[in-house]
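Take a look at the letters that make up each chain.
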Amino acid sequence: MQRDIVQSSLSLGCAVGGLCCATMAGLWGRAAFGAGSALWWQAQLAGFAIGYASLSIVSSAVNAGVAALYVCYAEDPTPLSAIAPSLYSTFIAQPHVPTATGAGRSADGRSAFGAFIDRVSAAAAPPDETVYRRADGGGAAGQAGSSSAEEPLAPATQDL
């Protein structure tokens, strides 16, 4: 939500800057080429394109900085309180932003993202006991119904 507002503001700024450059280029074109020439409006279009493109490049750096600030704050908001206390107080004044002891934090103070990564890592860890199934889809080795011990065994790919 906040990122969309920043992106919209930056895009509007690029358009306004492009219009300002187009106006200046159009005035220059009319003075240089005359009102009867078609070159003044071409200069105006080129001025808009150059103004919009140059401001778009600058605003992409601003947008990247805003995105980095949001990501860093989401990971760990405590450094922001030490570096920029006024910005930190603005962030925590919003009701949807979790604080260090609020929602989104585990009991040990870790972020919800960190807890999620721990759960995924634990789920991806190999189990202590590997269950093998017969290659023909029969029961697990050593269970009743196994026809012979010479059949090839493959790791189980489904839950028992």
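What counts and what doesn't
- Residues numbered from 1 in each chain as written.
- Predicted model: local features only at pLDDT ≥ 70, side-chain atom pairs only at ≥ 80, totals over all residues.
- Heavy atoms only, no water.
- Helix = DSSP H or I, 4+ residues; strand = E, 2+ residues; numbered from the N terminus.
- Buried < 20%, exposed > 50% of the residue type's maximum accessible area, 1.4 Å probe, protein only.
- Contact = heavy atoms within 4.5 Å.
- Areas by Shrake-Rupley, 256 points an atom, 1.4 Å probe, with all protein chains shown as cover.
- Phe/Tyr/Trp six-rings, centres within 6.5 Å; stacked < 30°, edge-to-face > 60°.
- Lys NZ or Arg CZ within 6 Å of the ring centre and 35° of its normal.
- Polar contact = N/O pair within 3.5 Å; in protein donor to acceptor, adjacent residues only side chain to side chain.
- Expected span 1.5 Å × (residues − 1).
- Axes fitted to C-alpha atoms, helices over the stretch in contact; angles between N-to-C directions.
- Parallel < 35°, antiparallel > 145°, perpendicular 65-115°, else oblique.
- pLDDT = per-residue confidence, 0-100.

A. Region of the structure containing the overall build of the chain. Scanning the chain from terminus to terminus reveals 5 helices and 2 strands. Walking the chain from its N terminus toward its C terminus, one meets helices and strands in the order α-α-α-α-α-β-β. Per-residue burial for the chain yields a buried fraction of 18% across its 160 residues. Looking at the chain alone, contacts between residues at least 24 apart form 45% of all its contacts between residues at least 6 apart. With an accessible surface of roughly 11100 Å², the chain has 65% of that area assigned to carbon and sulfur atoms.

B. Region of interest: the packing of aromatic side chains. Counted by the stated rule, this structure contains 3 aromatic pairs. Measuring from ring centre to ring centre gives 6.0 Å for phenylalanine 48 and tyrosine 52, while their planes differ by 25 degrees; the resulting arrangement is stacked. Within this pair, phenylalanine 48 and its partner tyrosine 52 are both found in helix H2 (residues 39-75), separated by 4 residues, close to a single helical turn. The exposure class assigned to tyrosine 52 is partly exposed, which follows from its relative accessible area of 33%. For the cation-ring pair, arginine 30 lies above tryptophan 40, with the distance from its terminal atom to the ring centre recorded as 4.8 Å.

C. Structural detail: the side chain of serine 59. In this fold, serine 59 is placed in helix H2. The class for serine 59 is buried, based on a relative accessible area of 11%. Within the structure, serine 59 has its side chain in polar contact with the backbone oxygen of serine 56 (distance 3.1 Å). In this structure serine 59 touches Leu10 and Cys14, once residues within four positions along its chain are discounted.

D. A look at H2. Between the first and last C-alpha of H2 there are 54 Å, a value that for 37 residues agrees with the 54 Å anticipated at 1.5 Å per step. Within the sequence span of H2, burial applies to Ala43, Gly47, Gly51, Ser59, Asn63, Val66, Ala67 and Tyr73.

E. Molecular detail of the environment of serine 56. Here serine 56 shows up in helix H2. Sequence-wise, serine 56 and leucine 10 are 46 residues apart; in three dimensions their C-alpha atoms are separated by 8.0 Å.

F. Structural view of the packing of H2 against helix H4 (residues 85-93). Interaxial distance between H2 and H4 falls to 13 Å at its minimum, and their mutual angle equals 75 degrees. Compared by their axis directions, H2 and H4 come out roughly perpendicular. Contacts between H2 and H4 involve Leu69, Tyr70 and Tyr73 on the former and, on the latter, Leu87, Tyr88, Phe91 and Ile92.

G. Quick look at the confidence of the model for the chain. Taken over all residues, the pLDDT of the chain has a mean of 74, while the share at 70 or more is 56%. Under a pLDDT of 50 for its full length, residues 140-146 has, in the predicted model, 9 contacts with residues more than four places off or in other chains.

H. Structural view of the side chain of asparagine 63. Mapped onto the elements, asparagine 63 comes out in helix H2. The contacts of asparagine 63, once residues within four sequence positions are left out, are Val6, Gln7 and Leu10.

I. The arrangement of the environment of leucine 39 in detail. Here leucine 39 is to be found in helix H2. Separated by 10 residues in the primary sequence, leucine 39 and glycine 29 have C-alpha atoms spaced 6.7 Å apart.

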